[in-house]
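# A look at the structure
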Amino acid sequence: MRDFDYARPASLAEARRFAAEPDAMLLAGGTTLLDLAKCGVAAPAKVIDITHLEGLDMITFGAAGVHIGALAKMSHVAADAVIRENFPAVSEALWQAASAQLRNMATIGGNLLQRTRCAYFRDPLAFPACNKRDPGSGCAALGGVTRNHAVLGTSKVCIAANPGDLAVALTAFDAVVHLGERRIAVDDFFLLPGMTPEREHALEPGEVITAVTIPASVPARRSTYLKVRDRQSYEFAAASAAVGIELEPDGKTIRDLRVALGGVATKPWRARDVEKALIGKLLEPKAVREASLLAMTGALAQGDNHYKIDLAPRVVTRAILKVGGLA
Amino acid sequence: MTTDILPAKVKRGDASDGGASLGSRLSRIDGPAKITGAARYALEHHPEGLCHAVIVQSTIGAGRIGVIDTAAADAAPGVLMVLTPDRIMPLKSATTWLDTPGPDGPYLPLTNMINFVGQHVAAVVAETFEQATAAAALIKIYYEETDAIATYDDPRSGEGMALDHLAVSWGEAEEALAEAPVRIEATYRTPREYNVPIEPHGLVAQWNGDKLTVWEPSQWINGMSRTYAEWFGVPYENVRLVSPFIGGGFGSKAFALAHGAIAACAAKMLDRPVKLALTRPQTFTAFGGRPATRQTLRLGATEEGRLVSIVQTGANETSRDGVWGEPLASVTALMYATPHLAARQTVVPVNTVLPSALRAPGENPSAFGIECAIDELSYEVGIDPVAIRLLNYAEEDPHAKKPWSTRQLREAYEAGAKAFGWEKRTSEPRSMRDGHHLIGWGVAAGTYPVRRTAGEAMVRLFADGRAEVASSGIDMGQGTYTILAQTAADAIGLPVDQVEVKLGDSALPGAPVAGGSQLANLMTGAVHKAALAARDELIGLAIGDPNSPFRALQANTLSVADGVISSPRGGEEVSIAELMHRLGRDKIEVLRDTLPETNNSAAEKHRTYTTITRMRSPTEGDYSLHAWCVHFIEVRVDEDFGTVRVSRVVSALDSGRLYNPKLAESQWKGGIIMGIGQALLEEGLVDRRKGRVINNNLGDYLIATNADIPDIEVISVGVPDFHASVLGGKAVGELGIVGVAPAIANAVYHATGKRIRDLPITLEKLIE
Ligand SMILES: Cc1cc2nc3c(=O)[nH]c(=O)nc-3n(C[C@H](O)[C@H](O)[C@H](O)COP(=O)(O)OP(=O)(O)OC[C@H]3O[C@@H](n4cnc5c(N)ncnc54)[C@H](O)[C@@H]3O)c2cc1C
Ligand code: SF4
């Protein structure tokens, strides 16, 4: 860990000014930042503590949806009654993430910017090659242990999975990330690695996430987050799905469907092909099973992670049937 | 819920009845100190002038260091010293735990020759931990890298070296196998597993002239003190190792390790106390866990399922610079009656740290093999998995050909099956389900030997009527403090809260390693002896001393109960404190050991407590001494996802007499929990190119969480075994884990029809 300056900006404006400095990093819950600093990945010159800034931890609900301040804690958002009623997938994604201690520290803004669990990314001394950490240096994961790496959205230079849970639910329900005045759809906020895996999101220097809004919708109200993993708690997803559904008044025909995947892709992965294939169709297991396979269109296994290609459609199927009342 | 098969109140008319305390469910007497934070662990010591050392580890898997550039680190703020292989003071090679001389030449805790990634290559000592950490990052090392052989799956690693001392055979195993009407063959594998105690390894070392004090968590105070003394060429008595509390060890805190040598060197070279704490990732390479193992088992049987032959070939990984044999035949050659058996094993050197002991080394992977294989045989011949085990029940030790001292294994099957409801099991795989869950019931047995070494204890009776027990034996959570207080209380005749126990300090009387599940038995034996002697001395004084109120009675004995001395002839009752006062004594002090009557010289004593050469094997003497257990386990496997959840565990265990059932159950349950993690989660993921264990932290190296653990019912079926130990106990601590993983693997097979023979049973193995 290298020495750094510690700043406590008096206002959001000042935080933005500091954040524009080279090698400056914001500190919210610190559960990602400190972890990465200890393993030698993050080496900020200046740490800008924003935890005390007022008004950034509110959860407010209006007709259009919910507005969640960037400093709201994961545990608070998960437990919020309005969230649980209107966005159960969001609450469930948060409850199943990390551990109680981490959820009590970690914030919504920080959560979106958590970084990959690629072990090679996190071990710079033993594995100097990592295009995400050091563009152009290579990718140590290729040919290594890749059980947790992505099968979707990978590129030649990086196959790291985005590990987050919340962002998957946000992606399914068209949430918007607020960077002060600038707003950006969550699906556009996260970037594919392409040839620039070091750029993971659309945040520009000097920008601070101030909030996330999620529009209210019927599918969001009737939603779930299904997370599959070997350990029953405190583990990242082997594969997960955030799914919301709206049925026609006949109770059988799918009017609207939202599907996003986690644990399998380089960014939170909206599975629009699955949605399109099922909207307007009858909700029944066979059709759902077949449509779910479309989620893996273009999937590419890398050694140890082939199982994800089998697993993820099953997770999608179960989640759709569950919100549809069939599982 | 816990069922005691033998109700606590049943008196058997022997020493196992104990007195008021031994055998009762007393809570841990060290508990309050731990819960309130009053218990000070090693790294919580801050002697005046303390400075901090941080270790730098190699980042290549094999080769040598060309150049270490320390210029920037040397000049960094707060840095007192940068240690490199060339700068560290030379140490002497120390005697091994087997009492053999260490390797020739000096001992090098830092070396230029790299045998594995994560080997200690340098250290920085600074005024603060942060300064040392920052400076350590400035050290530049230029390596001459060679190819590393990461695992024994790399064909270049070869077949390995045969370990003849671990080979077992009787009869004509190959021939008998060839003629057997039923034969099965399968290969079972366990990955590298790590101890990951929640208290990481580290120490505070301080020199005062040529006297060294070390605060360090230790499972073996005397053994580690000896190593430190020999490294530095000082008398054994000059080393004081202090370890009253230990945050878990599971086998990993029994030896003085390189990081300890580095800290003690730094302290010596700087003449200041030095603290060194390994980071969590460093603990994955500063010492080894359980090595990866593989074993091929071939069983031959009659059509009725009676074993006629067992042939086993096994291998485990070891390091390039040492041999760790994980005895893979230890359960294979013990559990079942077979007329023919042959087992042999190799070790395969790869570029890793030397593996070491992890809860039930040998028995654990051995049971995984044989207890899965016997299950496979049961399906092959079409009989119930419990029935086949009883059919092949060993009435005596099939290897040593000696009678068991006690073996309540049949009782364990019976009690466990009944509590579990085994008779309701449908035998077909995939025949039980609940929605998406396939349900499976599996069974497996386990065993752990009774190891015996002598120990020593001091018992003091004070003027205030209180007693003190002192030993360098340790308590890493097993409950040593508590059961020794109970032992002394009963032997003297005191309420247990009048006994104070002091442990974990080399200044106290000697004790051998707290390993091999031997400590409880040997220390209760020593304390019992010393406490009885103290009581005898007290009574002797009461009878004989002119100032004693009992003198006039002319009694030839007195009784002591609840701290009060009385005569069977009636008359005055006097408290111990009152008697001591009248006698004008400030204390009675008795030191006793359980060494043999002969052959107990000072040198012999030293060897007993500092090496394992005086540990008696379980078959030395007329009997074969072992603890036994059976686990009945239910799993629920999600058919689509392959996720396995353990939903029910009933284990019946024979550890002989339980000195404190609450603590023994806690040890058993801890072992079972660890076994669940081993079966489903734990695996060191090794990078095939470098040999780096890449999940070297508790976020990625998965151990079981509370959510993974169902209610566990443990049933004691043991009876006091006085061949095994003075007070009738057998092994407890390492028993519970043995057999859990195969019971789960067998349950998974019953649920899914899929045999998973390599641990852990992760979801992809069930869906791919
Ligand atoms: C062992 C472990 C297990 C975990 N398991 C899971 C899991 O299962 N599922 C899951 O989803 N997550 C998991 N996490 C990740 C965890 O959820 C994140 O670490 C956490 O949400 C980050 O939030 P924070 O407030 O602590 O972020 P910080 O560490 O404070 O910040 C993270 C990053 O975001 C930046 N940042 C913070 N706030 C802002 C802001 N308002 N605007 C702009 N930039 C900002 C920081 O500069 C930093 O780069 C796990 C983490 C650990 C350590
Ligand atoms: S997968 Fe991406 S993050 Fe991992 S080593 Fe390769 S480039 Fe780095």
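Everything quoted here is computed from the prediction, not taken from an experiment.

Attention now goes to the interface of chain B and chain A. Facing 33 residues of chain B, the contacting portion of chain A comprises 33 residues. Taken together, the two surfaces of chain B and chain A that pack against each other cover about 3100 Å², and 52% of this comes from carbon and sulfur. Linking chain B with chain A are six salt bridges, by the criterion used here. Ionic pairing is found between Arg117(A) and Asp700(B), a salt bridge with its closest N-O pair at 3.4 Å. Here chain B and chain A share 21 residue pairs in polar contact (both at pLDDT 80 or more) between them. Mapped onto the side of chain B that touches chain A, the elements with two or more residues apiece are α3 (129-136) and α17 (763-767) of chain B. With three residues, α17(B) is the largest single contributor of residues to the side of chain B that touches chain A. Considered class by class, the residues forming the side of chain B that touches chain A number 12 nonpolar, eight polar and 13 charged.

Let's shift gears to the nonpolar core. All names here are of chain B. Ranked by size, the top nonpolar core spans 95 residues in total, and within it Leu 377, Phe 632, Val 635, Ile 744 and Ile 761 carry the most contacts. Setting aside residues up to four positions removed in sequence, Val 635 forms contacts with Leu 438, Ile 439, Gly 440, Val 644, Arg 645, Val 646, Ser 647, Ile 744, Ala 747, Val 748 and Ala 751. Of all hydrophobic cores here, the second largest spans 88 residues; its members include Ala 39, Ile 262, Cys 265 and Leu 503.

Among the 14 residues in the neighbourhood of ligand 2, the closest are listed as Cys118(A), Cys130(A), Asn131(A), Cys139(A) and Cys158(A). Tallied by class, the residues present in the shell around ligand 2 amount to 11 nonpolar, two polar and one charged.

Right, let's talk about the pattern of salt bridges for a bit. Scanning the model with the defined rule gives 71 salt bridges over all chains in all. For Glu21(A), the salt bridge identified is with Lys46(A), shortest N-O distance 3.1 Å. Of this pair, Glu21(A) sits in the loop between α1 (12-19) and β2 (24-27) while Lys46(A) sits in strand β3 (residues 46-49), and the two are 25 residues apart along the sequence. Taking the relative accessible area as the measure of exposure, Lys46(A) reaches 15% and is therefore buried. Ionic pairing is found between Glu144(B) and Arg64(B), a salt bridge with its closest N-O pair at 3.8 Å. One end of the pair, Glu144(B), is in strand β7 (residues 140-145); the other, Arg64(B), is in strand β3 (residues 63-69), with 80 residues separating them in the sequence. Judged by relative accessible area, Glu144(B) falls into the partly exposed class, the value being 46%. Members of the salt-bridge network, linked through shared partners, are Asp99(B), Arg226(B), Glu230(B), Glu604(B), Arg607(B) and Arg614(B).

Our focus in this paragraph is the confidence of the model for chain B. Residue and element names in this part refer to chain B. For chain B, mean pLDDT is 95; residues scoring 70 or higher make up 98% of the total. Confidence over residues 1-16 falls short of pLDDT 50; this stretch has 31 contacts with residues more than four positions distant or in other chains. Predicted as a complex, the structure gets a pTM of 0.97 and an ipTM equal to 0.97.

The rules behind each value
Residues numbered from 1 in each chain as written. Chains lettered and ligands numbered in written order. Predicted model: local features only at pLDDT ≥ 70, side-chain atom pairs only at ≥ 80, totals over all residues. Heavy atoms only, no water. Contact = heavy atoms within 4.5 Å. Buried area = accessible area lost by both parts, 1.4 Å probe. Salt bridge = Lys/Arg side-chain N within 4 Å of Asp/Glu carboxyl O. Polar contact = N/O pair within 3.5 Å; in protein donor to acceptor, adjacent residues only side chain to side chain. Helix = DSSP H or I, 4+ residues; strand = E, 2+ residues; numbered from the N terminus. Nonpolar A, V, L, I, M, F, W, Y, C, P; charged D, E, K, R; others polar. Core = buried A, V, L, I, M, F, W, Y, C linked by side-chain atoms within 4.5 Å. Buried < 20%, exposed > 50% of the residue type's maximum accessible area, 1.4 Å probe, protein only. Near = heavy atom within 4 Å. pLDDT = per-residue confidence, 0-100.

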